[in-house]
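Listed here are the chains, written in short residue letters.
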Amino acid sequence: MGVSNKIATSVGMGGAVLFVMTLATIATYLIQVYILVPLSIEFMQTITFILVIASLVQMVEIILKKVSPPLYQALGVFLPLITTNCAILGVALLVFQNELNLAESVVYAIGNAIGFTLALILLAGMREQLELAEVPKGMKGIPITLVAAGILAMAFMGFSGIV
Amino acid sequence: MSQWNNFAKGFIKQNPVFVMVLGMCPTLAVTTSAINGLGMGLATTFVLLMSNLVVALIARLIPDKVRIPAFIVIIASFVTIVDLVMAAYFNMPGPEGEASLYDQLGIFIPLIVVNCLVLGRAEAFASKNKLVTSIIDGLGMGLGFSFALTLLGATREILGSGAIFGYEFADGDTMLAFVLPPGAFIALGYLTAIVNKLRKTA
C-alpha cells in the first residue's frame, strides 16, 4: 500500500523484495535444517528468522545506497519496512509447512517475489488511474484503493485453475 | 494527555486499522470470522502490551545502532510465547469438527512479529514514554486493533457464511467472496470509509 502509487517505484521495490526474499529463504532454510532442528530449539524459529531478515534488509539498504542512490531515495522509508513485509517471513515459514527441499524453496521464493512485484505493478497502474477518476469523497485514498485491490484479488483468483 | 485519552485513542481517533492503516496483513488474512478476528486481536494485544512494557523499561539501555533489532528480538520473544501458549491451550477442534483457533490462525501467529503496529508503537511511543503510559498505550492500541479485527471478521462472517461467532442464522445463499481475500479488501475498504465518515462528523 505504501509504494504502489508509482509504477517505477513499484518495480524497484519488487526487485528489492525478490533479492531479500530469495536470500532470506535460503538462509532461514539452512538455519532451520542445520541448526534449529538438530539442537531441538525449533521454538527459536520466529526470533532467528526475523533477525536474519532484518540483517538482510540492512545489507540491501547499504548496497542500494552505493549502487543506485536515486532508487534508494525513491523507496525512502519503505526500504527498512521490507523487514515487516509479511510475505518474506511468510514464505520462509511456508516452505517448511509445504515440506519443500532447498531447491524447491528457492524456486518458490523467486516465484512469490515475482508474483508480489506483478501485483505491486498492477496496483500502481490502477492507483495512477484512480487519481484521475471521480471518487466519492468518503472513499478517497485508502478505501477506494482497498476496494480496487479486492477486485484485483478477484481477478487473480481466475488464475487458480490454470496451473 | 490524560491516561484515559491515552487508552481510548486506539479505538477511534488513532485506530490502528482504520486510521493508521498498520498491521494490514493479519487484518485481511484471518478475519474470516468474528472469533478469528477476536483471537488474533487479543494475541496481538498481548504482544503489544508486553513489548511496550519491556521497551519502556530498557529503551535507554540499548545503543542507538541496534535499537530496531533489539526491539525485534523483544517482540519476537513474546510472539514465541503466544505461539506456544496458543498451541497448548487453543488447539482443540470445535464441536462440529472444525479446525481449532490455533490451526485457523496458522502462520499468522508468528507473523505478529512483523505487524507494523507492534514495532511502530515500540519505536514511536514506548521508547520515548514512561512505563505506565506505554502500558496503557499498548493496551488501548491492542484493544482498538482487536475491535477493528472483530468488526471486520463479523462483517465478513455475516455476509460470507450467514453466521456470527459461529452461530448460523441464515442458511441458503451467502456471498462467498467475503470469506475469501477479495472480500477482505472490499469489506475493509467500506468499513474504513464508514469509520472515516463517523470520525469527521463526531
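Let us look at the structure shown here. (Residues numbered from 1 in each chain as written. Chains lettered and ligands numbered in written order. Predicted model: local features only at pLDDT ≥ 70, side-chain atom pairs only at ≥ 80, totals over all residues. Heavy atoms only, no water.)

Some words on the overall build of chain A
Item 1. Helix and strand counts for chain A come out as six helices and zero strands.
Item 2. The secondary structure elements of chain A, listed N-terminal to C-terminal, are α-α-α-α-α-α.
Item 3. Counting only C-alpha atoms and orienting by the principal axes, one finds that chain A spans roughly 60 × 45 × 25 Å.
Item 4. Across the 163 residues that make up chain A, the buried fraction comes to 40%.
Item 5. Long-range pairs, those at least 24 residues apart, make up 70% of the contacts in chain A between residues at least 6 apart in sequence.
Item 6. Surface summary for chain A: the accessible area is close to 8500 Å², and the carbon and sulfur share equals 70%.
Item 7. Between the mean site of the 6 positive side-chain charges and the mean site of the 7 negative ones, chain A shows a separation of 17 Å. (Helix = DSSP H or I, 4+ residues; strand = E, 2+ residues; numbered from the N terminus. Buried < 20%, exposed > 50% of the residue type's maximum accessible area, 1.4 Å probe, protein only. Contact = heavy atoms within 4.5 Å. Areas by Shrake-Rupley, 256 points an atom, 1.4 Å probe, with all protein chains shown as cover. Lys, Arg positive; Asp, Glu negative; His and termini not counted. Charge placed at Lys NZ, Arg CZ, Asp CG, Glu CD.)

Section: the interface of chain B and chain A
Item 1. Of the residues lining the interface, 28 residues belong to chain B; the matching set on chain A comes to 26 residues.
Item 2. For the pair chain B and chain A, the summed buried surface comes to about 2400 Å²; carbon and sulfur atoms form 88% of the total.
Item 3. On inspection of chain B and its partner chain A, the count reaches zero salt bridges.
Item 4. At the surface where chain B touches chain A, the tally comes to zero residue pairs in polar contact (both at pLDDT 80 or more).
Item 5. Of all the secondary-structure elements, those providing two or more residues to the side of chain B that touches chain A are helix 2 (24–30), helix 4 (67–89), helix 6 (116–126) and helix 8 (181–201) of chain B.
Item 6. With nine residues, helix 8 of chain B is the largest single contributor of residues to the side of chain B that touches chain A.
Item 7. Its residues assigned to classes, the side of chain B that touches chain A shows 23 nonpolar, five polar and no charged. (Buried area = accessible area lost by both parts, 1.4 Å probe. Salt bridge = Lys/Arg side-chain N within 4 Å of Asp/Glu carboxyl O. Polar contact = N/O pair within 3.5 Å; in protein donor to acceptor, adjacent residues only side chain to side chain. Nonpolar A, V, L, I, M, F, W, Y, C, P; charged D, E, K, R; others polar.)

Side note on a positive patch on the surface
Item 1. A surface patch of positive charge is lined by K137(A), K140(A), K197(B), R199(B) and K200(B).
Item 2. With respect to the helices and strands, the residue K197(B) is situated in helix 8.
Item 3. By relative accessible area, which is 52% here, K197(B) ends up exposed. (Patch = residues over 30% accessible without salt bridge, like charges linked within 9 Å, V, L, I, M, F, W, Y side chains within 5 Å.)

Details of the packing of helix 1 (residues 7–36) of chain A against helix 2 (residues 45–67) of chain A
To characterise two packed helices, one gives the angle between the axes of the helices and the distance between these axes.
All names here are of chain A.
Item 1. Where helix 1 meets helix 2, the axes come as close as 10 Å, and the angle between the chain directions of the two elements is 145°. Viewed along their axes, helix 1 and helix 2 form a crossing whose handedness is right-handed. Mapping the contact onto sequence places F19, V20, L23, A24, A27, T28, I31, Q32 and L36 in helix 1 and Q45, T48, F49, V52, I53, L56, V57 and V60 in helix 2.
Item 2. When grouped by side-chain class, the residues that make up the contact of helix 1 with helix 2 number 13 nonpolar, four polar and no charged. (Axes fitted to C-alpha atoms, helices over the stretch in contact; angles between N-to-C directions. Left-handed = near helix turned anticlockwise from the far one by under 90°.)

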